[in-house]
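Structural characterization, general
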Amino acid sequence: MLLSVNGICVAYDKISALTDVSIECDQGEIVSIIGANGAGKSTLMKSIMGRVKPSHGTIFFHGEAITGLPGHKIVEKGIVCVPEGREIFNGLSVQDNLEVGAISRSFSPKEMKAHFEMVYDMFPILAEKRGQIAGALSGGQQQMLALGRGLMSDPTLMMLDEPSLGLAPIVVDEVFDFIKKINNENGISVILVEQNAYMALEISRRGYVLENGSISREGASNALINDPTIKSAYLGK
Ligand code: ATP
């Protein structure tokens, strides 16, 4: 198993955000995590990235416990998170934003060049705008920049927190095509946290439903997508 989160509990002050949460992601999988606002999805991502510390439970990556390691060590091991809201540096150029993605890795100049080339090949619009400031990009282009910055760290596992947020439907389709490509062509495993549950379940193999800080359902995405209770709660059907 690539990633195993085993029974983690997280509380902010004394208020519980995650209770006994376990999820897994295998090599090459896209796994989706769906849930309402405040269900704990971002907290789960932050726990994996070492940004919040679970009080109980263990997180394994390639069979090694990584719970509580600092964020840069986790990136070094091959996990990257593309955060909710993208967190682009608006005043920096596209190229400099991409370079930030490689900061936790000690790549040689040759490796850096190869990573830039891979990202610019995947996102030609970023190559075209490499010298422009990131703040001038459209929302969709900024999401591509966030994905590209994640790819610059040469991850094995990418976690995407709400990549469709605030984007027009046609742009969401484009972003989801890139997510499929990152998985298919680059062989990167993906954990996809989404409010847009239908689209997330459509491109993932398995899914988990997070409800009030606990996993309430899990299974094959095509079973979840056809489940009447999930349809009415999360798919608006
Ligand atoms: P959203 O989709 O709105 O981002 P989410 O599913 O990602 O929601 P979290 O952001 O993980 O949910 O929040 C889970 C719970 O923890 C919520 O009740 C939230 O208010 C609380 N919480 C999150 N961050 C903090 C924090 N820094 N301090 C205190 N409470 C927090």
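Anyway, here's the lowdown on the structure attached to this text. (Residues numbered from 1 in each chain as written. Predicted model: local features only at pLDDT ≥ 70, side-chain atom pairs only at ≥ 80, totals over all residues. Heavy atoms only, no water.)

As paired strands, strand β9 (residues 206-211) and strand β10 (residues 214-220) are joined by six bridges and run antiparallel to one another. If you follow Leu210 over to β10, its bridge partner there is Ile215. Hairpin connection between β9 and β10: a loop of two residues separates the two successive antiparallel strands, and Asn212 in this loop has a positive phi of roughly 45°. (Pairing = 2+ DSSP bridges. Helix = DSSP H or I, 4+ residues; strand = E, 2+ residues; numbered from the N terminus.)

Looking now at the state of the cysteines. Taken as a whole, this structure holds zero disulfides when the rule is applied. For the unlinked cysteine Cys81, the closest cysteine sulfur is that of Cys25, found at 13 Å. (Disulfide = S-S within 2.5 Å.)

Here the focus is the pairing of strand β3 (residues 30-34). Within β3, five of the five residues are buried, which leaves the element mostly enclosed by the surrounding structure. Burial along β3 is two-sided: the residues Ile30, Ser32 and Ile34 and Val31 and Ile33 are all buried. As defined by bridge partners, β3 adjoins strand β8 (residues 189-194) across five bridges and the pair is classed as parallel. Counterpart to Ile34 in the pairing with β8 is Glu194. (Buried < 20%, exposed > 50% of the residue type's maximum accessible area, 1.4 Å probe, protein only.)

If you walk through the whole model with that rule in mind, you get six salt bridges. Note that Glu29 and Arg206 form a salt bridge whose closest N and O atoms lie 2.8 Å from each other. You can see Glu29 sitting in the loop between β2 (15-25) and β3 and its partner Arg206 sitting in strand β9, a full 177 residues away along the chain. Residue Glu117 is joined to Lys113 by a salt bridge in which the shortest nitrogen-to-oxygen separation is 3.4 Å. Of the two residues, Glu117 and Lys113 both sit in helix α4 (residues 109-122), four residues apart, roughly one turn of that helix. Accessibility expressed as a relative area gives 44% for Glu117, which makes it partly exposed. Since its relative accessible area comes to 53%, Lys113 is described here as exposed. (Salt bridge = Lys/Arg side-chain N within 4 Å of Asp/Glu carboxyl O.)

What follows covers the side chain of Asn183. Mapped onto the fold, Asn183 is located in helix α7 (residues 169-186). We classify Asn183 as buried; its relative accessible area is 13%. A polar atom in the side chain of Asn183 sits 3.1 Å from the backbone oxygen of Gly28. (Polar contact = N/O pair within 3.5 Å; in protein donor to acceptor, adjacent residues only side chain to side chain.)

Let us look at the layout of surface pockets. Computed from the structure, the largest pocket encloses a volume of approximately 430 Å³. Along its surface, the largest pocket is lined by 18 residues, and Arg51, Val75, Val80, Cys81 and Arg149 are the ones closest to its centre. Those elements that provide at least two residues to the lining of the largest pocket are α2 (71-77), β6 (79-82) and α6 (139-151). Grouping the amino acids of the lining of the largest pocket by side-chain chemistry returns 10 nonpolar, five polar and three charged. (1 Å grid on protein atoms, 1.4 Å probe; cavity = no way out; pocket = protein on both sides within 12 Å on 5 of 7 lines; lining within 4 Å. Points joined across faces, edges and corners; volume = space filled by probe spheres on them. Nonpolar A, V, L, I, M, F, W, Y, C, P; charged D, E, K, R; others polar.)

This part is about the site of the ligand. Lining the immediate environment of the ligand, one finds 13 residues, of which Gly38, Gly40, Lys41, Ser42 and Thr43 sit closest. The contact in question runs from an oxygen atom of the ligand to an N or O atom on the backbone of Ala39, over 3.1 Å. Coverage of the ligand by the protein chains reaches 58% of its 630 Å² of free accessible surface. Here the element with the most residues in the shell around the ligand is helix α1 (residues 41-48); it accounts for three residues. Considered class by class, the residues forming the shell around the ligand number four nonpolar, six polar and three charged. (Near = heavy atom within 4 Å. Areas by Shrake-Rupley, 256 points an atom, 1.4 Å probe, with all protein chains shown as cover.)

This paragraph deals with the sheet that holds β2. Pairing between the strands of a sheet is mediated by backbone hydrogen bonds and can be parallel or antiparallel. The strand order across the open sheet formed by four strands is β2-β1-β4-β5, and the pairing between neighbours is antiparallel. Pairing within the sheet leaves two strands with one partner each, and these edge strands are β2 and β5 (64-65). With seven bridges joining them, strand β1 (residues 3-12) and β2 adopt antiparallel strand pairing. By the bridge assignment, Val10 is partnered in β2 with Leu18.

What follows is about α6. In a regular helix each residue adds 1.5 Å, so 13 residues correspond to 18 Å; α6 covers 18 Å between its end C-alpha atoms and thus fits that length. The buried fraction of α6 is high, at 12 of 13 residues. Those residues of α6 that are buried lie in contact with β6, α3 (94-100), α4, α5 (124-128), β7 (157-161) and α7. (Expected span 1.5 Å × (residues − 1). Contact = heavy atoms within 4.5 Å.)

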